[in-house]
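Reading the structure
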Amino acid sequence: MAKVVKFGGSSLADANQFRKVADIIRSDKERRYVVPSAPGKRFSGDTKVTDMLYKCYDEVCGGANAVASFLPIADRYNGIISDLGLTISLDREFEEITDNFTKRAGRDYAASRGEYLNGIILANYLGFPFIDAAKGIFFKANGEFDADLTDATLAAILEGYGRAVIPGFYGANPDGSIRTFSRGGSDFTGSVVAKAIGAELYENWTDVPGFAVADPRIVKDPKFIDVITYRELRELSYMGAGVLHQDAIFPVRNARIPINIRNTNDPSAKGTMIVHDAPKGKNEHIITGIAGKKNFSAVAIEKDEMNGEIGFLRRILTLMDVEKINFEHIPTGIDTMTLIIDSDDLKAHPNFVERVKEVSCPNHIEVEHDLALIAVVGRGMKATKGTATRIFAALSHANINIKMIDQGSSELNIIIGINEDDFDEAIRVIYNMFMLQE
Ligand code: ASP
């Protein structure tokens, strides 16, 4: 059985970090397929190589000399090579890249070279074969990721190698040109590789101890999550909890391959395990995580006898479909319903409320802005009484008004809508209620 190990940009930002990465890989012989990011920030205020590449390419498109503009990027790689005492030279690659920049090879091509070059160095340092992601990761003509072709091709290629370095973040279009995933997309590459080889585990090495129960910028020194299910994580990442690229769970989830978030700077810590099925036995905490997002608006619609009017919701949803507006939640009453919508979406459709009036002829319609949603997520809720009571008690003691409540039918989460101004405090008091008092 093999493990796929993905290392983020800060884990490969300089030679010292490369050494830690090599130690981690060498300490477990199952760590056989390695997916690197481009070198990230070495210190706060530093620039990621990916951002340097975008800037360099834009400069070249603006008329700058490619070789001169590329120099600071070449310096970063050469610094890593010489600090590690390696004998390889990337001069040929630098020449090809700057040539292609001059020929306008595209911003995606430009950004992808960060992972490409880092992959070559890491492969050399580890003594592993290097496999260009453009040979095994593919997009369709419409720009979508081609899962089937990728899976079959990567599996066939990697079968021939006991170990390999495959750079993250990019693949090839049908015409052979390079396309990248969205930012942070090396997480996705790692997941795709893990699926293709049927890995026993996908380890995602980063610079934090795992997933925090709540955002550390809001809750001081929060606890970290030991085990979270894919479904729980989906509820949390959808609400803005970072760390892992939000698409990265999909390739491995159905294949039931767990992901382990680990800290390169503290390799003995177990990190957060993301699993398909919750482990048996009682959870230590009822709540697994708390996350939230600001900038929502509520469109409250009231109409006499809405309850008996067949097709009312359909007309509104059809309108949203036509206008391409996404809704987050639709809490309903007997003769009322509220559409909770991202405020930016609503601003982009200034006629929406008028159109709702036209299709639904309400008695009253009202729009409220500056709402925040908080998701309290936990597989332990199902077996526990009083969870909602505790959330509401925490908020009421803090004098926070709840504007909306939504509990998913799976009893996995409770979503509450509050005023944006109460956002941080609400997360703190819910965290304290469940994590400090259990
Ligand atoms: N290097 C790319 C970025 O900075 C992709 C990644 O690190 O996953 O977004």
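To be clear, the structure that these remarks concern was listed above.
The paragraphs below set out a description of the structure included in this document. (Residues numbered from 1 in each chain as written. Predicted model: local features only at pLDDT ≥ 70, side-chain atom pairs only at ≥ 80, totals over all residues. Heavy atoms only, no water.)

Side note on the environment of asparagine 326
Take asparagine 326: it is sitting in the loop between helix 10 (312–323) and strand 11 (327–329). Separated by 102 residues in sequence, asparagine 326 and arginine 428 have C-alpha atoms that sit 29 Å apart. (Helix = DSSP H or I, 4+ residues; strand = E, 2+ residues; numbered from the N terminus.)

Description of the nonpolar core
Counting residues in each nonpolar core, the largest one holds 120 residues, and the members touching the most others are Phe70, Phe101 and Ile374. Here this core takes ten residues from helix 5 (residues 107–126), the largest share from any one element. Met306, Phe312, Ile330 and Ile341 belong to the second largest nonpolar core, which has 17 residues in total. (Core = buried A, V, L, I, M, F, W, Y, C linked by side-chain atoms within 4.5 Å. Buried < 20%, exposed > 50% of the residue type's maximum accessible area, 1.4 Å probe, protein only.)

What about a negative patch on the surface?
Negative charge collects at one region of the surface, where Asp91, Glu95, Glu96 and Asp99 lie side by side. By the element assignment, glutamate 96 lies in helix 4 (residues 91–102). Exposure remark for glutamate 96: the relative accessible area of 45% places this residue in the partly exposed category. (Patch = residues over 30% accessible without salt bridge, like charges linked within 9 Å, V, L, I, M, F, W, Y side chains within 5 Å. Areas by Shrake-Rupley, 256 points an atom, 1.4 Å probe, with all protein chains shown as cover. Salt bridge = Lys/Arg side-chain N within 4 Å of Asp/Glu carboxyl O. Lys, Arg positive; Asp, Glu negative; His and termini not counted. Charge placed at Lys NZ, Arg CZ, Asp CG, Glu CD.)

Things to note about the packing of aromatic side chains
Under the counting rule described, the total for this entry stands at eleven aromatic pairs. With centroids separated by 5.9 Å and ring planes inclined at 20°, the aromatic side chains of phenylalanine 7 and tryptophan 205 adopt a geometry described as stacked. With a gap of 198 residues between them, phenylalanine 7 in strand 1 (residues 3–7) and tryptophan 205 in strand 6 (residues 201–206) connect regions that are remote in the sequence. For tryptophan 205, a relative accessible area of 1% translates into the label buried. Taken together, the ring pairs connect Tyr57, Phe70, Phe94, Phe101 and Tyr109 into an aromatic cluster. Here the guanidinium or amino end of arginine 113 rests over the ring plane of tyrosine 116, the centre of that ring lying 4.2 Å away. Looking at arginine 113, its charged tip hangs above the ring of tyrosine 170, at a distance of 5.3 Å from the centre. (Phe/Tyr/Trp six-rings, centres within 6.5 Å; stacked < 30°, edge-to-face > 60°. Lys NZ or Arg CZ within 6 Å of the ring centre and 35° of its normal.)

What about the site of the ligand?
Every residue lining the ligand is accounted for by Ser37, Thr50, Glu115, Phe169, Arg183, Gly184, Gly185 and Ser186. For the ligand, an oxygen atom lies 3.0 Å from a polar atom in the side chain of serine 37. One of the side-chain nitrogen or oxygen atoms of threonine 50 is found 2.7 Å away from a nitrogen atom of the ligand. Expressed as a share of its isolated accessible area of 270 Å², the protein-covered part of the ligand is 92%. Residues that form the shell around the ligand fall into these classes: one nonpolar, five polar and two charged. (Near = heavy atom within 4 Å. Polar contact = N/O pair within 3.5 Å; in protein donor to acceptor, adjacent residues only side chain to side chain. Nonpolar A, V, L, I, M, F, W, Y, C, P; charged D, E, K, R; others polar.)

Things to note about helix 1 (residues 15–26)
With twelve residues, helix 1 extends 16 Å between its outermost C-alpha atoms, agreeing within 8% with the 16 Å of an ideal straight helix rising 1.5 Å per residue. Among all positions of helix 1, only Ala15, Gln17, Phe18, Val21, Ala22, Ile24 and Ile25 are buried. Buried residues along helix 1 sit in contact with strand 1, strand 2 (31–36), helix 3 (66–84), helix 5 and strand 6. For helix 1, the N-terminal capping position is held by aspartate 14, with its side-chain oxygen 3.2 Å away from the main-chain nitrogen of asparagine 16. (Expected span 1.5 Å × (residues − 1). Contact = heavy atoms within 4.5 Å.)

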